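Coordinates in review
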Amino acid sequence: MNRLTIAWRNVTRNHRRSLITGGIVAFGFVSFALAGGFMAQSFDGLRQSAIRSGLGHVQFADPRAFEKSEGSTLEFGIRRAGAALAVLRTDPDVDVVMPRLEFYGLVSTGGISIPFGGTGVDPQAETRGSDIPKAVQDGKWLQAGVRTVVIGRGLAKLLNAKAGDNITLLVTTPDGTLNAVDATVGGIADIVIRELSERYLALPLPLAQELLAAPDTVSRFSVILRDAADEPAVAARLGNSLHQAGLDLGSRLWRDLAVFYQQVRVLYIGIFGFMGTVLVVIVFLSTFNATLMSVTERTREIGTLRALGARAHRVTAGFVLEGALLGVASAIGGALLSLLITLVVNLSEIRMPPPPGMAKGIVIHVQVIADVYLLAAIAMILTLAFASFLPARRAARAPIVDSLAHV
């Protein structure tokens, strides 16, 4: 009879205590797995929100635009926008290219003038690659060839404007002169951030270029890549293609631009890391108490083994092996229970409140992350093995006579 068989028989000998201890470990495993799956969903949601907010997977612009703000209108503008757009669209890993022309100005309804931050966009590209068109609640999103704008709800409130109202846009062109155009409020968007909502104004790219007297000019390109595309590799390849076309543009990946995402990610990791540490401590203390009772009840057995010549470290190793086997069985049970709970939760379509940076709540969809399951199994097995080691080591080193006389 090998040591594994003996260890397993010792585990099942007191099935009630083993079930209780295993249940505690399985609970710890389930907590780890579900928390990890929920955190992964949160990260994916924040990632998609950042990318679809207009950042794209990769941005291309004048290298200086990534380092400092413009001192004058379109100081860092891309003058050959059409040529750059044609190059970017030819790459097989590119899904959508969103040209964006960014500027500042005044918007007026006649009696009220409010500063705004304007963005000239390709309406169709934004619909495919951005979630902003989905935020339009009153009216509708921009249409190519139509002189309409979409403004934030905060700006609409300041202007006392509604969909269908006429407005005037006033800006300073790159050569320092003033220019104005008339447009119609086509839609009002619900923007999450209040400060942005009070300044947000989007308009078709041709209208923005007319307003700024800057034909074939944009501020940057936001590029949406196809699924499974290697972002750094595609960014480097596109940069080389632009350089060969005589366009020396800098590039940044979305994660370098999404400061808010990085801050929230660090916060979430800290929160879940703290919760995981507390969970491990609770599981350890609970299992330590159970294994201590088991070792105490088997003190005479330990003394008998020592009297027959078994060394202290072999006796201790036997108890550690029992703990590890119980940990493996509990981890398997915890994994099955986690999968079942995950299936039930995902099918229930429970909606959570809006996370940071999003306007609407999200439906809980706990992900099954193999690495999280593996990490949870290792953590639970090691916790139970260590909880078995401490009392077993102490009992195995006790005097044999005292162990045999234990009642």
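Let me sum up the structure you'll find in this document. Note that this is a predicted model, so its numbers are computed, not measured.

Within the protein chain, the regular secondary structure consists of 14 helices and 10 strands. The globule rule puts the C-alpha radius of gyration for 407 residues at 22 Å, and the 32 Å found for the protein chain is more than 25% above it. The principal-axis extent of the C-alpha atoms belonging to the protein chain is close to 100 × 50 × 35 Å. Looking at the protein chain alone, contacts between residues at least 24 apart form 78% of all its contacts between residues at least 6 apart. Of the side-chain charges in the protein chain, 38 are positive and 32 negative, and the distance between the mean point of each set is 14 Å.

So, on to helix H7 (residues 205-212). For H7, the tally of buried residues reaches six of eight residues, placing the bulk of the element in the interior. Buried residues of H7: Leu 205, Leu 207, Ala 208, Gln 209, Leu 211 and Leu 212, and no others. Packing partners of the buried residues in H7 comprise strand S2 (94-108), strand S3 (113-121), strand S5 (148-152), strand S6 (166-172), strand S7 (178-189) and strand S8 (200-204). With its phi angle positive at about 55°, Ala 213 sits one or two positions after the end of H7.

Attention now goes to a nonpolar patch on the surface. A cluster of nonpolar side chains, contributed by Leu 267, Ile 271, Phe 274, Met 275, Val 278 and Ile 282, occupies part of the molecular surface with about 580 Å² of accessible area. Summarising the element assignment, Ile 282 is placed in helix H10 (residues 259-297). According to the relative accessible area criterion, Ile 282 is partly exposed, its value standing at 48%.

Counting 49 residues, the largest nonpolar core has Phe 60, Val 107, Val 149, Leu 169, Leu 201 and Phe 221 as its most contacted members. In this structure, Val 107 is in contact with Ile 112, Ser 113, Ile 114, Phe 116, Leu 155, Leu 159, Ile 167, Thr 168, Leu 169 and Leu 201, ignoring residues within four places of it in sequence.

With that settled, the discussion passes to the packing of aromatic side chains. A full pass over the atoms with the stated rule returns eight aromatic pairs. With 6.2 Å between their ring centres and 25° between their planes, Phe 43 and Tyr 268 make a pair best called stacked. Of the two residues, Phe 43 is situated in helix H2 (residues 15-55) and Tyr 268 in helix H10; the sequence distance between them amounts to 225 residues. In this pair, the class of Phe 43 matches that of Tyr 268, namely buried. Following the ring pairs from residue to residue traces out a cluster consisting of Phe 284, Phe 288, Phe 386 and Phe 389. In this arrangement the basic side chain of Arg 265 is found over the ring face of Phe 43, its NZ or CZ atom lying 5.2 Å from the centre.

To continue, consider the pairing of S5. Burial within S5 is extensive, with five of its five residues counted as buried. Along S5, one buried face is formed by Thr 148, Val 150 and Gly 152 and the opposite face, lined by Val 149 and Ile 151, is buried too. With two bridges connecting them, S5 and S8 associate as antiparallel partners. Note that in S8 the partner of Val 150 across the bridge is Ala 202.

Let us now look at the pattern of salt bridges. Between side chains of opposite charge, a pair can form as their charged atoms come close. Under the counting rule described, the total for this entry stands at 17 salt bridges. Taking the shortest distance from any N to any O, the salt bridge between Asp 131 and Lys 134 comes out at 3.4 Å. You can call Asp 131 partly exposed: its relative accessible area is 33%. Notably, a salt bridge pairs Lys 162 with Asp 165, separated by 3.5 Å at the nearest N-O pair. Relative accessible area serves as the criterion here: at 52%, Lys 162 is assigned to the exposed category. Within the structure, one salt-bridge network assembled from shared partners comprises Arg 47, Glu 231 and Arg 255.

Scoring rules and cut-offs
Residues numbered from 1 in each chain as written. Predicted model: local features only at pLDDT ≥ 70, side-chain atom pairs only at ≥ 80, totals over all residues. Heavy atoms only, no water. Helix = DSSP H or I, 4+ residues; strand = E, 2+ residues; numbered from the N terminus. Rg over C-alpha atoms; globule rule 2.2 N^0.38 Å. Contact = heavy atoms within 4.5 Å. Lys, Arg positive; Asp, Glu negative; His and termini not counted. Charge placed at Lys NZ, Arg CZ, Asp CG, Glu CD. Buried < 20%, exposed > 50% of the residue type's maximum accessible area, 1.4 Å probe, protein only. Patch = residues over 30% accessible without salt bridge, like charges linked within 9 Å, V, L, I, M, F, W, Y side chains within 5 Å. Areas by Shrake-Rupley, 256 points an atom, 1.4 Å probe, with all protein chains shown as cover. Salt bridge = Lys/Arg side-chain N within 4 Å of Asp/Glu carboxyl O. Core = buried A, V, L, I, M, F, W, Y, C linked by side-chain atoms within 4.5 Å. Phe/Tyr/Trp six-rings, centres within 6.5 Å; stacked < 30°, edge-to-face > 60°. Lys NZ or Arg CZ within 6 Å of the ring centre and 35° of its normal. Pairing = 2+ DSSP bridges.

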